[in-house]
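# Survey of secondary and tertiary structure
One-letter residues, chain by chain:
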Amino acid sequence: MPFGARVVRGIVVNLSASSPVQDTRDVIELISPQVMVTPERMDLALWIAAYYLSPLFDAIALMLPPGFGNKKPLKAKYVKYLALNSGASQAGGRGKAGTGRGVKQMEVLRFLEDTGGRLPLSQVLSRVNCGSSVIRALLLKKLVVLEDEEVFRDPLARQDFALEFPLQFTAEQQQAWQPVEEAIREVPDKRKHASFLLHGVTGSGKTEIYLAALAETIKQGKRGICLVPEIALTQQITERFFARFPGRVAVIHSRLSAGEQYDGWRRISRGEFDVVVGPRSAIFAPQPDLGLIIVDEEHEWAYKQSDKMPRYHARDVAIRLAELSGAVLLLGTATPDVGTYYGAVSNRLQLIELNERVSARGNLPLPEVTLVNMSDELKAGNRSIFSRLLREQVRLSLEREEQVMLYINRRGLATFIECGNCGYVFSCRRCSGTLTYHAAVKRMVCHHCRRTQAAALKCPDCASLDIKYLGIGTETVEAECRRLFKSARIMRFDSDAVSTAKRYVKQIGMFRKREVDIMIGTQLIAKGLDFPGVSLVGVINADTGLNLPDFRSAERTFQLLCQVAGRAGRAYVPGQALIQSFNPGYYAIKYAARHDYPGFYKQEIKYRAAFGYPPYNSIIRLIVSNLSEEKCSRQARLMANVLKQQIAVQGLAGLRLIGPAPAYLSRLRGRYQMQIIILGQQLQGLLKDIHFPAGWIVDVDPVGML
Ligand code: ADP
Ligand code: ZN
Ligand code: ZN
């Protein structure tokens, strides 16, 4: 529709007999005559816009076919190469060979040739890094054609999955299943509590309950959505859905091309799938007759969209959608989010528990966890990153030909580089963070902006050659393992070593086939992976996350330690986990070692209550960034004043405003960052009419404070 001099896209939310403006203009054209958003999803969008303080258009765009909100064409264009054998030389010959344009045309053709001859236009433009004029030139020469994506290419069609049948529930599973089954059978408007928190230790059979819940939902003529934190890390659960519901599972993920995503969306909306599995955006899949929403690993931070508007949390959106649609909600995890567990304790969710591990060979014990006090090691003169016990246990595991996993949540060889003479610390020129030395690339790397620079040979301040490489990361542990366990086959598994999906799959496969004895990794190895050969898991340093200025640091540490320890002893051999720490008495570490979630929760919730942190209050985090430090702090001060005035005008008592203060990273990619934290109830009322100029980020319920 015309809007001033511009033509813009609009979404019809409802119709009105009168207009707030005098001169109305006509709609030029309908993009789609169909109703694209059901009333229920429209309500959801309204809620998202109001709750997460985002523009309504952005919220509704979440519910539309992929590409709509981006203002891109709804159908992806594909570039197809016509003259497969002679084209590349022709483009060079007819074009101005050697000049920029001719070279680019050749590059496009070569790229198409190398990749099978037909690719989405957007992909060609970005991979060859050229403008559309290059494609236009090739079109004129009749070397390529543009096609609409019509064929739905099922991204999973290439994989085969053996059909599987439901397992006979154990007594404990049966008990957990019963209320879920009843809720699914109940008519929605008669349901009392249709939201469940399924709290079950790793390997207790939660997935089996999800599968049964979906089967029952289908029986009732309804459909489901299953959210997983990240598709790559949860391949196993996806495969189990395929094996149980062959041909009835749609998978959504960002690696699909725009055309695949659009076709998938259309087929889902026609009701072609019993279940849609995917990461956070899958909650917006147009699944008709929604009867079940599963959120696996509900505590995962990946469910929060932190990098763009609307900054929604998919678990909380799922809770809202379940209310609006009457679907049964199933939140599953071994380590519930403290807020979610609080919801269960206060009866907003029904708590069901699984405390035993199951397997095809009967119950398995949880891994035995031993805490090692690293202060004692120092006292005994052991300065190695391996305690004597861990070293001995790794040796024994290797001797028995069992596999070992070692966890350290930092990458690189040295996470802190300083001058031994004057104490100068090497930090990034664009960020306020320190640099890490990576031996694999022999460079110093900033983990915040990824900028690298040559390893320092001398101090820029005092010219001393005494440069100290301190702090341990994955590469440090790898080097130490190679020194201590000479005959072991060792693999590093972090985002440096596993930079592509292909390598991820390959390395996982190697470890599973037992071609590797010791795997050293970051969070990447902590989640969702099931390796039957692992008998020992070692946590090199449990303390790294503890001193961060974030009220969730204890919860985060507890969750990670439980997840890591849970990797041991998943099948053939009993498992053991060893946690090294300088603070073994700290509650998050102590309770993790005992697999005691309620114990941890009891202490954590007291701390949250004492400081008025969530779940007792909500938090909104406001961040402003600017290239100029002075402008940044001025903008922050101005905003704080506006907020204080509003608080006074609206008479809002019991509201806390913290800051403005520099963010944890006071500078990122050259921009200074200041933040204001607001703590209290129903904070949206305070902020909804405040204008935030460019440079501001408004984050409702932030998952991290750093
Ligand atoms: P979780 O999702 O809690 O980690 P899973 O559902 O993956 O647990 O179950 C762990 C393992 O136990 C899987 O290999 C699964 O096939 C098996 N399992 C689950 N339930 C049963 C059962 N009732 N009988 C036999 N094996 C089971
Ligand atoms: Zn120096
Ligand atoms: Zn940087």
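Residues numbered from 1 in each chain as written. Chains lettered and ligands numbered in written order. Predicted model: local features only at pLDDT ≥ 70, side-chain atom pairs only at ≥ 80, totals over all residues. Heavy atoms only, no water.

## Overview of the overall build of the chain
- Summing up its helical and strand segments, the chain has 21 helices and 27 strands in all.
- Relative to its full complement of 706 residues, the chain shows a buried share of 50%.
- Within the chain, counting contacts between residues at least 6 apart in sequence, those at least 24 apart form 75% of the total.
- Looking at the chain as shown, the accessible area adds up to about 34,000 Å², and 51% of this sits on carbon and sulfur atoms. (Helix = DSSP H or I, 4+ residues; strand = E, 2+ residues; numbered from the N terminus. Buried < 20%, exposed > 50% of the residue type's maximum accessible area, 1.4 Å probe, protein only. Contact = heavy atoms within 4.5 Å. Areas by Shrake-Rupley, 256 points an atom, 1.4 Å probe, with all protein chains shown as cover.)

## What about the packing of helix α17 (residues 553-565) against helix α19 (residues 597-611)?
- Running from amino to carboxyl end, α17 crosses α19 at an angle of 170°, the nearest separation of the two axes being 11 Å. It follows from the interaxial angle that α17 and α19 lie roughly antiparallel. Mapping the contact onto sequence places A554, E555 and F558 in α17 and Y597, F600, E604 and R608 in α19.
- The residue makeup of the contact of α17 with α19, split by class, is four nonpolar, no polar and three charged. (Axes fitted to C-alpha atoms, helices over the stretch in contact; angles between N-to-C directions. Parallel < 35°, antiparallel > 145°, perpendicular 65-115°, else oblique. Nonpolar A, V, L, I, M, F, W, Y, C, P; charged D, E, K, R; others polar.)

## Here's the deal with the sheet that holds strand β16 (residues 436-438)
- An order of β16-β17-β18 is seen for the three strands of this open sheet, with the pairing classed as antiparallel. Edge positions in the sheet fall to β16 and β18 (452-454), since each of these pairs with one other strand and no more. The mean angle between the axes of side-by-side strands here comes to 35°, regardless of whether they run parallel or antiparallel.
- Sheet topology places strand β17 (residues 443-445) next to β18; three bridges connect them, and they run antiparallel. Paired with V445 across the two strands is T452, which belongs to β18. (Pairing = 2+ DSSP bridges.)

## Some details on the coordination of the zinc ion (ligand 3)
- Only C428 (SG), C431 (SG), C446 (SG) and C449 (SG) from the protein coordinate the zinc ion (ligand 3), and they sit 2.3 to 2.4 Å from it.
- Read in sequence order, the donor residues for the zinc ion (ligand 3) give the motif C-x2-C-x14-C-x2-C.
- With a relative accessible area of 3%, C431 lands in the buried category. (Donors = N, O, S within 2.8 Å, 3.2 Å for Na, K, Ca; no water.)

## Describing the coordination of the zinc ion (ligand 2)
- Within the protein, the atoms that donate to the zinc ion (ligand 2) are C419 (SG), C422 (SG), C459 (SG) and C462 (SG), at distances of 2.3 to 2.4 Å.
- Spacing between the donor residues of the zinc ion (ligand 2) along their common chain follows C-x2-C-x36-C-x2-C. Here C419 is found in strand β15 (residues 416-419), whereas its partner C462 is found in the loop between β18 and β19 (467-470), with 43 residues between them in sequence.
- Overall, the relative accessible area of 1% leaves C419 in the buried class.
- Since its relative accessible area comes to 30%, C462 is described here as partly exposed.

## Focus on the packing of aromatic side chains
- In this structure the tally under the stated criterion is 25 aromatic pairs.
- Note on Y342 and Y616: the rings are 5.2 Å apart at their centroids and 65° apart in plane angle, and the pair reads as edge-to-face. Here Y342, found in helix α12 (residues 338-345), pairs with Y616, found in the loop between α19 and β24 (618-626); they are 274 residues apart in sequence, far enough to count as distant.
- Among the residues examined, Y342 registers a relative accessible area of 21% and is labelled partly exposed. (Phe/Tyr/Trp six-rings, centres within 6.5 Å; stacked < 30°, edge-to-face > 60°.)

## Brief notes about the site of ligand 1
- Not every one of the 16 residues close to ligand 1 is listed here, only the nearest: Q168, Q173, G205, T207 and R240.
- A distance of 2.8 Å is found between a nitrogen atom of ligand 1 and a side-chain nitrogen or oxygen belonging to Q173.
- A distance of 2.9 Å is found between an oxygen atom of ligand 1 and a backbone nitrogen or oxygen belonging to G203.
- Contact with the protein chains removes 78% of the 560 Å² of surface that ligand 1 exposes when unbound.
- The greatest single-element share of the shell around ligand 1, amounting to three residues, is contributed by helix α8 (residues 206-219).
- Of the residues assigned to the shell around ligand 1, the class counts are five nonpolar, eight polar and three charged. (Near = heavy atom within 4 Å. Polar contact = N/O pair within 3.5 Å; in protein donor to acceptor, adjacent residues only side chain to side chain.)

## Re the pattern of salt bridges
- Evaluated as defined, the whole model comprises 34 salt bridges.
- When the shortest N-O distance is used, the salt bridge between R266 and D263 registers 3.3 Å. Placement of the pair is R266 and D263 together in helix α10 (residues 258-269), with a separation of three residues, close to one helical turn.
- Bridged by salt links that share partners, the residues E475, E478, R482, R492 and D494 form one connected network. (Salt bridge = Lys/Arg side-chain N within 4 Å of Asp/Glu carboxyl O.)

## Section: helix α6 (residues 132-140)
- Within α6, the full set of buried residues consists of V134, I135, A137 and L138. Along α6, the residues classed as buried sweep out an arc of 155° about the axis, all on the same side. Looking at α6, the residues exposed on the side facing more than 90 degrees away from the buried face are R136 and L140. (Arc of directions from axis to C-beta.)

## With respect to the nonpolar core
- With 101 residues, the main nonpolar core has I48, I293, V317, L622, L643, I678 and L687 as its most contacted residues.
- Sort the elements by how many residues they give to this core and α17 lands first, with seven residues.
- Each residue touching I678, except ones within four places of it in the same chain, is listed here: S618, I619, I620, L622, L643, L655, R656, L683, L686 and L687.
- In terms of nonpolar packing, the next biggest core, distinct from the first, is built from 31 residues, F169, Y210, V277 and V328 among them. (Core = buried A, V, L, I, M, F, W, Y, C linked by side-chain atoms within 4.5 Å.)

## Quick look at a nonpolar patch on the surface
- On the surface, V13, L46 and L56 cluster together to form a nonpolar patch covering roughly 200 Å² of accessible area.
- The topology assignment puts L56 in helix α2 (residues 56-61).
- On the basis of relative accessibility, which here comes to 32%, the residue L56 falls in the partly exposed class. (Patch = residues over 30% accessible without salt bridge, like charges linked within 9 Å, V, L, I, M, F, W, Y side chains within 5 Å.)

## As for the side chain of R311
- Inspection of the secondary structure puts R311 in the loop between β10 (290-296) and α11 (314-325).
- With no salt bridge to any partner, buried R311 finds its closest opposite charge in D699, at an N-O distance of 4.9 Å.
- Within polar-contact distance, the side chain of R311 engages the backbone oxygen of S306 at 3.0 Å.
- Discounting chain neighbours no more than four positions away, the residues touching R311 are Y52, K304, Q305, S306, I697, V698, D699 and V700. (Lys, Arg positive; Asp, Glu negative; His and termini not counted.)

## Some points on the pairing of strand β21 (residues 518-521)
- Alternating residues of β21 divide into I518 and I520 and M519 and G521, and every residue in both groups is buried.
- Two elements, strand β14 (residues 403-407) and β21, share four bridges in a ladder whose sense is parallel. Among the inter-strand pairings, Y407 is bridged to a residue of β21, identified as G521.
- Following the chain from strand β20 (residues 490-493) across helix α16 (residues 501-512) to the adjacent parallel β21, one finds a crossover that is right-handed. (Right-handed = clockwise from strand over helix to strand, strands pointing away.)

## With respect to the confidence of the model for the chain
- Looking at the chain, pLDDT values average 85 and 88% of them are 70 or higher.
- Residue range residues 85-96 is modelled with pLDDT below 50. Its contacts to residues more than four positions away, or to other chains, number 22 contacts.
- Every residue in residues 150-159 scores below 50 in pLDDT, and together they form 12 contacts with partners more than four places removed in sequence or on other chains. (pLDDT = per-residue confidence, 0-100.)

## So, unusual backbone geometry
- Between P614 and P615 the backbone carries a cis peptide bond, its omega angle lying at 10°.
- Its location among the elements puts P615 in the loop between α19 and β24.
- Looking along the chain, the bond that leaves G659 and enters P660 is cis, with omega of 5°.
- The phi dihedral of N347 is positive, around 65°, even though this residue is not glycine.
- For N347, the position within the fold is in the loop between α12 and β12 (350-354).
- Backbone geometry at E401 places phi at a positive 60°, although glycine is not the residue there.
- Residue placement: E401 occurs in the loop between α14 (388-399) and β14.
- A relative accessible area of 65% places E401 in the exposed class.

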